[in-house]
Each structure stands twice: as structure tokens, then as C-alpha cells.
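Spelled out, the chains give:
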Amino acid sequence: MGVRGLQGFVGSTCPHICTVVNFKELAEHHRSKYPGCTPTIVVDAMCCLRYWYTPDSWICGGQWREYFSALRDFVKTFTAVGIKLIFFFDGMVEQDKRDEWVKRRLKNNREISRIFHYIKSHKEQPGRNMFFIPSGLAVFTRFALKTLGQETLCSLQEADYEVASYGLQHNCLGILGEDTDYLIYDTCPYFSISELCLESLDTIMLCREKLCESLGLCVADLPLLACLLGNDIIPEGMFESFRYKCLSSYTSVKENFDKKGNIILAVSDHISKVLHLYQGEKKLEELLPLGPNKALFYKGMASYLLPGQKSPWFFQKPKNVITLDKQVISMSSDPESRQEVPMCTDPESRQEAPMCTDPESRQEVSMCTDPESRQEVPMCTDPESRQEVPMCTGPESRQEVLMWTDSESRQEIIMYTGHESKQEVPVCTDPISKQEDSMCTHPEINQKLPIATDPEFKLICTNPEIKQEDPANMGLEIKQQVTMVSDTEILKVARAHHVQAESYLVYNIMSSGEIECSNTLEDELDQALPSQAFIYRPIRQRVYSLLLENCQDVASTCPAVKEWFVYPGNPLRHPDLVRPLQMTVPGGTPSLRILWLNQEPEIQVRRLDTLLACFNLASSREELQAVESPFQALCCLLIYLFVQVDTLCLEDLHAFIAQALCLQGKSTSQLVNLQEADSMSMTSGEDTSCPPGKFIACISRRNQFRVCLYNVNIPYQVPK
């Protein structure tokens, strides 16, 4: 994750930017500096899973009580010194990072293959040096933290952006994680989770100011450096030849530094001594070999700009910049001009009207008012084309139509904003071809949305501002022009549950119709056991039918859900297109409004019927109700598994039930010291349930299915 080569560079070449700090002392200093403000640390939870999960028996996973105890100790230690923790989890994979996501999943597949090869060769599980996070751990961690009373949020975009944004906007003590992107963002201090000593609360702070001092750069240059080195958006090979050119002309090569370290120094030297000379005078595409990757490069640069921040490297003529939601946006990125959009107020409407000024033409953008709707219609003038472009508001449809013209590319760009649905659908229309091209934007309401176009690469750049004070009540987010669900109220409910980490996959299905599941510990050479991706697919298909309500009548007309699921043999070149599967619920399939919004007592019965229908177990309702409540879900899962997988045996069933029944009442310390008799006896050849020549297959199968039980990748909503 993060910037290519920067983590190693910091550790070996610039260790002085790493400073040992103590959180208790930092919290005391923060309280004295900001009286009445609780010191808060934003935790990138995905970076912390390896730190929290410590059991030696990590192949099987499932040490829930020990893991929960570790999380409780972590929270209590910080709470004891008056520090508040805010936990962020990844909630989706951005399309621009899909290729990187796929690359990492394929790499993980190779690591998992080595793990199973080790098990078969050594007849024991590997040590921590081959550690792989147990399946489903991130999802269950969310609920563990919520059980501990912690504020737990799930991102609507890349989590590191929301973490950095939250830390900046809320004046947080710092960010706790393990991602060099936090050195690039201009946000609060960044602390390392891997270096944290929980007993003393000492850790390492990585100082971006000291990094800049070592590289001869300023903080505003770091996004440019990150993109030239390569990150999750910019492939490392895009600027490989450019970096070597910088290295060949770099005169201060350090013999005791490695090659990557010298490359970082050389690129930084080029930025400070060459590119800085033309900053504000020339565009980056005139200074760098961007070629056809120009749009991607600018997007990578913009991904580091937090709400309200500007980059001195964005040299744009201000004629194509508009603002939404009455936000003041700088019309020039030139650090010398620093011109902003002046605001004027209509005394009748009491609304602010932006006056857009072109620093070259000295022309202002006038605002007029529609006398019928009493709404303002801004008139923007392009000084080169001398065309007036109205931004109109329809009083009946309550939709704003924002349009501006790029005179060089002869394109009209229209943005429609619906006040009721809070949806933004930007459309770029080419008057020659009469074709519409969708432009990507993050349609968060209450955001700063500077939108600019460059006639050469036709890019719309957005800089979203997320109000984290109450993420659940933010306006409706639409990932695409058309969502999978038309009921905006239900979509808002799903979105709120997603942000508050109370659901899993649900909002992604309803908004974009695209979900993913990362690697699980599965042996690709074991043909007897199907992948969990296929085992649970029928359940997911029925859930799709439930969530996409327009699919309940005619399933064949419902669009397929895109599944990026990792399983043996899947090269992940494209998603699997999985269509919803109709299910039979007594009394008919209830709507989401009934299941989610109706609080009548009798609705709980319908919720149970719907759950059983998802597992295709409606006929077993009476038998399941006879089981104690804590074990009803387990029985649903086991019945489903043994129907789906015919290679499971009675010993497998006994193992599952034993885990549920025999460990009740055991303390954490007892469970930590519990030996795995099954694995030990198999390794010594004493297991009577498996023939001597097949005990490795038994280990593989049992360990694998314990993982499957732990990793039920089914979209779910927390019951009311």
C-alpha cells in the first residue's frame, strides 16, 4: 500500500524522520493546547488487523474470544489516558484502484499456495513469518469494536482519504496506521501501529516536515513525488524511464544508499531544481512525459488533496471552474495570484451569489434570478468564445442544470443536480458526435466540488469534502449515474447503515451492483472441496433478489451483480456476472421498507421467514425454532453446508458442533492454552478417523472448512 519504495526509504535512508513519541504525553500536551477538546486518534483499522490478531494458530482462525479480549485491552489502554479512538474500515474498492486490488489478490494467492505446500511438506502449520490474516477477520472486527462502544465507520471511498480528511477536519491528535500515503496527505501527524508498545504507549511518529526537509521539497510537492514514484492509482512502470533519467542526471548519488533510495532522492532533486522553476507558468504536461496518461496522472495528484486544499501544481485557466452548494473555490492555483471567488448577497433572496472573475480578462460572471421560481441563474461568460452559458434551475422538477462551454474543445458540459434525490449526474456532450460521456464524480452532498476541464484530456476533477460529524446523515451518494435501486429513502437507509458499519455488502449491491471478496485460505489443489465463493453463491443470489426489489417478479429482466470474488482458477480479468435468484417466502417476499422500517412486533416473524428463505430452509422452521436461540444461526449454516457440499463427513459435523458447545464458559486464558489435539494427533499419525496416507488431506479439509464457517460472505443487515 502507499507510495512505492517510500517505506523502505524512510527506514533505511531517512531514519531521522522517525521520532519516538508517547501517546500519554502527546494527549496531555493536546489538552493543554486545546482546552475542552478530547484528544482523538483516527485508526486505520485495516492496517491494524495484524497487530491485533496474535494467536499462533492462525491457519484455522476462529479464536474469537481471545481476539475480542485483545481488542478490549487495546481500547482500555487508550481510554485510560483520556484518548478517544475513531476506527475506519474500507467500505469499497474504487474503480481506479481495481487493477491494483486484482494484482494484490493474485499475489496473495501465491502466498496461500506456499502455505498449503508447507503444511503438506512439514505436517504442521507455518510460523508467523508466513502469516496470512484469517478469513472474515475485518468484518467481525467491526462488530467487536461496536460491542466495545467504539465509534466505527465504514468508508464510501478509499479509507485512507476519509481517515486523513477526518483527522484534518477534527483537529485530531493523529492517525494510527501503516500506510505511507499518510506521509503524503497534508493532515494531522502519522503514527505507526507496527511500532506501538501497548504497555508504555510508545510508538514512532513519521514526520512529513522532516521528510520534506531531507528531500528539499515542501509539503505541497509530496503528491507530485508520490505519483512520479507510483502509488495505488499510478502504476509503478508509468514513469520508470523518467525516474532513470532523473537518476542519470543526479549528481549527488549516495554510494551507501540502495537504488530505490537514490531514485527517490533524484526525483525529488528534479522537482526542486527543475520543475519548481516553471511552477505556475507551465502545465505539468509540458514538463513531464504524461502522454496518454495525463488524465490518470491528474487524478492521482487530486486524490491527495483534502477538503479545502489546493495544489500549486494545478495550472488551470479559471474559465471552466464552477462551484456548487455555495462553496467558495479558488479560481486560480497560481500561488502568487491567490484569487478566490468573491461572494455577493441578494438582499431579497438572502442567498449568496458567486461572482466568477477571470484574472486575465477581468470579466465577471453575473447572476440573474428566475422571477417565477425566485431562484438564481448564474450566467458564466467564456472570455475567448464570448458565449454566455446559463446555469438554469427548473422550478417544477427542482433540478439544477449547470452548464458551461469549453471553447477550445467545443464541448458543452452539463450537470444536473436533483434537490430531492440529491443526485448529481454529470454529462459531457460532444456537439459533433452527439454522444454523451459520463464523467466520474464523488457525488457527496455538502461537499466542495471544484470542477475543471482541460480541452486536451477532457477530465472532470473533483475534490470531495466529507462532513464526518454525522456521516450517517449525509446526503445520498450515487456511485454511478443509475443505481440498482430507485427507492431513494431505502438507499439512504442502506447508506447510513453502511457508513456506521452496521451492514456488509448491502449498500454496494444497491448503489453500484458490484461487490468483492478477498482471498480466503483455500487449497487450489484440493479438488474435493468447492470454494466458499461457490458454496454461498445461492444465498447471495437470493439476497440480491431481496435487495433489488424490482427483480422479485421477473428475475430474468434484473441486471446481474458484478462479483469480484477470489477463488482458485479465477484470473480476475473481469467480474462474474451473477443474477438474482427468486426465493419463496410464506406470505410473499416482504419489501425492504417492511423489513427495515416497520417496527411492529409481528414483523419479526416475517424477518425470520425471509432469513430462512435465503438459506432455502423454510421447511425446517419448526425444528430450528426448537433450538436455543444462540444456536439457531449455527444450525442454519450447518444444514446449508451439508446440503451444498457432499464431501463433508460426520467427523466434520462433530467438529463444528464441538466448537460451539464444548468451549462455552471457557475463559480467555484457558482458550489460549488449549492445545490442538486434532492437528497434533494427525501429525503424529494417531488420528483414527483418517487413513494414514490421507491425514494431510484431512488437515487441509478441516482447516479449510473451519475457515469457510468463519468466512460467510453473505450480504447482511444487522437486525433491529
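Residues numbered from 1 in each chain as written. Predicted model: local features only at pLDDT ≥ 70, side-chain atom pairs only at ≥ 80, totals over all residues. Heavy atoms only, no water.

Taking an unreviewed UniProt entry as the reference, the chain is identified by name as Constitutive coactivator of peroxisome proliferator-activated receptor gamma belonging to Sapajus apella. In its Subunit (unreviewed entry) section, the UniProt record describing the chain reads: "Interacts with ESR1 and RXRA. Interacts with PPARG; in a ligand-independent manner." Regarding the chain, the relevant UniProt record gives this comment under Function (unreviewed entry): "Functions as a transactivator of PPARG and ESR1. Functions in adipogenesis through PPARG activation." (UniProt positions renumbered as here; feature names shortened; annotations may be inferred.)

## Observations concerning the sheet that holds strand 1 (residues 18-22)
If you trace the seven strands from one edge of the open sheet to the other, you get 1-7-6-5-2-3-4, paired in mixed fashion. Of all the strands in the sheet, just strand 1 and strand 4 (151-154) have a single pairing partner and so form its edges. Going from strand to strand, the sheet's axes swing by 30 degrees on average, the running direction of each strand aside. Where strand 6 (residues 190-192) lies against strand 7 (residues 202-206), two bridges are found, and the strand directions are antiparallel. Counterpart to Tyr-190 in the pairing with strand 7 is Leu-206. The strands touched by helix 3 (residues 45-52) within the sheet are strand 2 (40-44), strand 3 (84-89) and strand 5 (174-177), with strand 2 carrying the most contacts at an inclination of about 80 degrees. In the packing of helix 6 (residues 137-147) onto the sheet, the strands contacted are strand 3 and strand 4, and the crossing angle to strand 3 comes to about 155 degrees. (Pairing = 2+ DSSP bridges. Helix = DSSP H or I, 4+ residues; strand = E, 2+ residues; numbered from the N terminus. Axes fitted to C-alpha atoms, helices over the stretch in contact; angles between N-to-C directions. Contact = heavy atoms within 4.5 Å.)

## Brief notes about the sheet that holds strand 19 (residues 514-517)
If you walk across this open sheet you meet the three strands as 19-20-21, and the pairing is mixed. In this open sheet, the two strands that pair with only one neighbour each are strand 19 and strand 21 (576-578). The average undirected angle you get between the axes of adjacent strands in this sheet is 30 degrees. In the sheet, strand 20 (residues 561-565) pairs with strand 21 via three bridges, with the strands oriented antiparallel. Paired with Lys-562 across the strands is Leu-577, a residue of strand 21. Packing against the sheet, helix 5 (residues 98-122) makes contact with strand 19 and strand 20, and its axis sits at approximately 25 degrees to strand 19.

## Let's talk about a nonpolar patch on the surface
Taken together, the side chains of Val-274, Leu-277 and Tyr-278 present a nonpolar region at the surface, about 260 Å² in accessible area. Locating Tyr-278 in the fold gives a position in the loop between helix 12 (259-273) and helix 13 (284-287). (Patch = residues over 30% accessible without salt bridge, like charges linked within 9 Å, V, L, I, M, F, W, Y side chains within 5 Å. Areas by Shrake-Rupley, 256 points an atom, 1.4 Å probe, with all protein chains shown as cover. Salt bridge = Lys/Arg side-chain N within 4 Å of Asp/Glu carboxyl O.)

## Details of helix 3
Along helix 3, the residues classified as buried are Ala-45, Cys-47, Cys-48, Leu-49 and Trp-52. Those residues of helix 3 that are buried are in contact with strand 2, helix 4 (64-80), strand 3, helix 6 and strand 5. (Buried < 20%, exposed > 50% of the residue type's maximum accessible area, 1.4 Å probe, protein only.)

## Quick word on the packing of aromatic side chains
As enumerated under the stated definition, the model contains 23 aromatic pairs in all. Judged by centre distance (5.7 Å) and plane angle (45 degrees), the ring pair of Tyr-298 and Phe-314 falls under tilted. A residue pair is termed long-range when its members are at least 10 positions apart, and Tyr-298 in helix 14 (residues 294-302) and Phe-314 in the loop between helix 14 and strand 8 (343-345) qualify at 16 residues. Each of the two residues, Tyr-298 as well as Phe-314, counts as buried. Geometrically, the ring pair formed by Tyr-536 and Tyr-640 is stacked, given 6.2 Å between the ring centres and 15 degrees between the ring planes. (Phe/Tyr/Trp six-rings, centres within 6.5 Å; stacked < 30°, edge-to-face > 60°.)

## Observations concerning the nonpolar core
Residues Leu-224, Leu-228, Ile-271, Leu-288, Phe-297, Met-510 and Trp-596 are the most contacted members of the largest nonpolar core, which totals 112 residues. Sort the elements by how many residues they give to this core and helix 10 (residues 222-229) lands first, with seven residues. Excluding anything up to four places from it in sequence, Phe-297 contacts Leu-224, Cys-227, Leu-228, Ile-234, Phe-239, Leu-284, Leu-288 and Leu-290. Counting 42 residues, the second largest nonpolar core, distinct from the first, contains Trp-52, Ile-59, Phe-89 and Ile-193. (Core = buried A, V, L, I, M, F, W, Y, C linked by side-chain atoms within 4.5 Å.)

## Description of the pattern of salt bridges
A side chain with one charge may pair with a side chain of the opposite charge, provided their charged atoms come close. Within the structure shown, the criterion is met by 19 salt bridges. The shortest N-O distance in the salt bridge between Arg-104 and Asp-232 comes to 2.6 Å. Taken together, the residues Arg-104 in helix 5 and Asp-232 in the loop between helix 10 and helix 11 (240-249) connect sequence positions 128 residues apart. Judged by relative accessible area, which is 23%, Arg-104 ranks as partly exposed.

## Remarks on unusual backbone geometry
One non-glycine residue, Lys-123, lies in positive phi territory at about 55 degrees. Within the element layout of this structure, Lys-123 appears in the loop between helix 5 and helix 6. Not every positive phi belongs to a glycine, and Leu-505 is a case in point at roughly 70 degrees. Along the chain, the position of Leu-505 falls in the loop between strand 18 (503-504) and helix 16 (506-511).

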